[in-house]
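Chains, contacts and geometry: an overview
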Amino acid sequence: MTDHTFTHPERAAVYRAIAERRDMRHFCGGTVAPELLARLLEAAHHAPSVGLMQPWRFLRITDPALRAQIQVQVEEERVRTAEALGERSDDFMKLKVEGISDCAEVLVAALMDDRDKHIFGRRTLPEMDMASLSCAIQNLWLAARAEGLGMGWVSLFDPQALADLLQMPAGSKPLAILCLGPVKEFYPAPMLVIEGWAQPRALQELVYENTWGVIE
Ligand SMILES: Cc1cc2nc3c(=O)[nH]c(=O)nc-3n(C[C@H](O)[C@H](O)[C@H](O)COP(=O)(O)O)c2cc1C
């Protein structure tokens, strides 16, 4: 404990949001109140970013026709992914990998254009722009969970095709289609675990001391 430590209930709330955040693909329609959506985007905007680059751009999709076209693009990529998976293709096609048609809000999270002039922290690691946008998305995800809303990150799409559809400038890049909104219930564990697709690894297998692979 230090003078700066949050109170016990505050800490518990932070850890609860982290533990109970789930990638959601089942939504029950409804709406997200404008002031709540603004709060969530503000939480995203509080994220750290390399050199304070703030490379995030959020496109709120309100046109139903555009939402439908986005879903078509995801479906095309889902089929291509299944083909690429070979023997696991049938199992993959049984998974629900997005909730675009039944979520209250669809947001596309994108990297801004003209990123090359941002060199601070990116000279050797240009992908720090993507890391920064990911921090913003995680903030949004956690804040949404605390507000009782589910969110799903969909990355099954061709970035250029989505950029063209949304008339994004050259050099920008969509990284996530975010499905957001009320859910009937949160999955008690990652859906891919519940469905038997993947097994999580224990933290202690992934923490090394001094040199790679050495577990204390
Ligand atoms: C960068 C990123 C991309 C993802 N893309 C997809 C996706 O396209 N479709 C999907 O169903 N889940 C996607 N997910 C969700 C992961 O499958 C999920 O986070 C993981 O299985 C752990 O589950 P949890 O988030 O509920 O803890 C993505 C997650 C991340 C971080």
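Residues numbered from 1 in each chain as written. Predicted model: local features only at pLDDT ≥ 70, side-chain atom pairs only at ≥ 80, totals over all residues. Heavy atoms only, no water.

**A few points about the site of the ligand**
Contacts to the ligand come from R21, R22, D23, R25, V97, W153, V154, S155, L156, P190 and L192. Interatomic distance of 2.8 Å between a side-chain N/O atom of R21 and an oxygen atom of the ligand. Contact between the ligand and V97: an oxygen atom at 3.0 Å from a main-chain N or O atom of the residue. (Near = heavy atom within 4 Å. Polar contact = N/O pair within 3.5 Å; in protein donor to acceptor, adjacent residues only side chain to side chain.)

**Some details on the environment of R67**
Looking at the element boundaries, R67 is found in helix α3 (residues 64-85). Of the residues examined, R67 reaches a relative accessible area of 16% and is grouped as buried. A sequence separation of 40 residues divides R67 from L107, and the C-alpha atoms of the two residues are 9.8 Å apart. Filtering out sequence-adjacent residues up to four positions away, R67 remains in contact with I61, I100, S101, C103, A104, E105 and V106. (Helix = DSSP H or I, 4+ residues; strand = E, 2+ residues; numbered from the N terminus. Buried < 20%, exposed > 50% of the residue type's maximum accessible area, 1.4 Å probe, protein only. Contact = heavy atoms within 4.5 Å.)

**Some remarks on the packing of aromatic side chains**
A full pass over the atoms with the stated rule returns three aromatic pairs. Taking 6.0 Å as the distance between ring centres and 50° as the angle between the ring planes, the aromatic pair formed by W141 and W153 counts as tilted. In this pair, W141 is assigned in helix α5 (residues 128-146) and W153 in strand β3 (residues 150-154), connecting sequence segments twelve residues apart. With a relative accessible area of 10%, W141 lands in the buried category. Residue classification places W153 among the partly exposed residues on the basis of a relative accessible area of 25%. (Phe/Tyr/Trp six-rings, centres within 6.5 Å; stacked < 30°, edge-to-face > 60°.)

**Description of the nonpolar core**
When a protein is soluble and globular, its nonpolar side chains tend to lie buried together. With 28 residues, the main nonpolar core has I70, L166 and I177 as its most contacted residues. The set of elements that each furnish at least two residues to this core consists of α3, β2 (105-111), α6 (159-165) and β4 (173-181). Here this core gets four residues from one element, more than from any other, and that element is α3. When near neighbours in sequence (up to four residues on either side) are disregarded, L166 contacts L59, I61, L66, I70 and V108. (Core = buried A, V, L, I, M, F, W, Y, C linked by side-chain atoms within 4.5 Å.)

**Here we look at the sheet that holds β2**
Read from one edge to the other, the open sheet built from four strands follows the order β1-β2-β4-β3, with strand pairing classed as antiparallel. Of all the strands in the sheet, the pair left with one neighbour each is β1 (56-61) and β3. Averaged over all pairs of adjacent strands, the angle between their axes in this sheet comes to 25°, without regard to strand direction. Sheet analysis places β1 next to β2, joined by six bridges and oriented antiparallel. What sits directly across from I61, in β2, is V106. Contacts from helix α2 (residues 34-45) reach β1, β2 and β4 within the one sheet, and its direction differs from that of β1 by about 160°. Helix-sheet contacts for α5 involve β1, β2, β3 and β4, and the interaxial angle to β2 is about 155°. (Pairing = 2+ DSSP bridges. Axes fitted to C-alpha atoms, helices over the stretch in contact; angles between N-to-C directions.)

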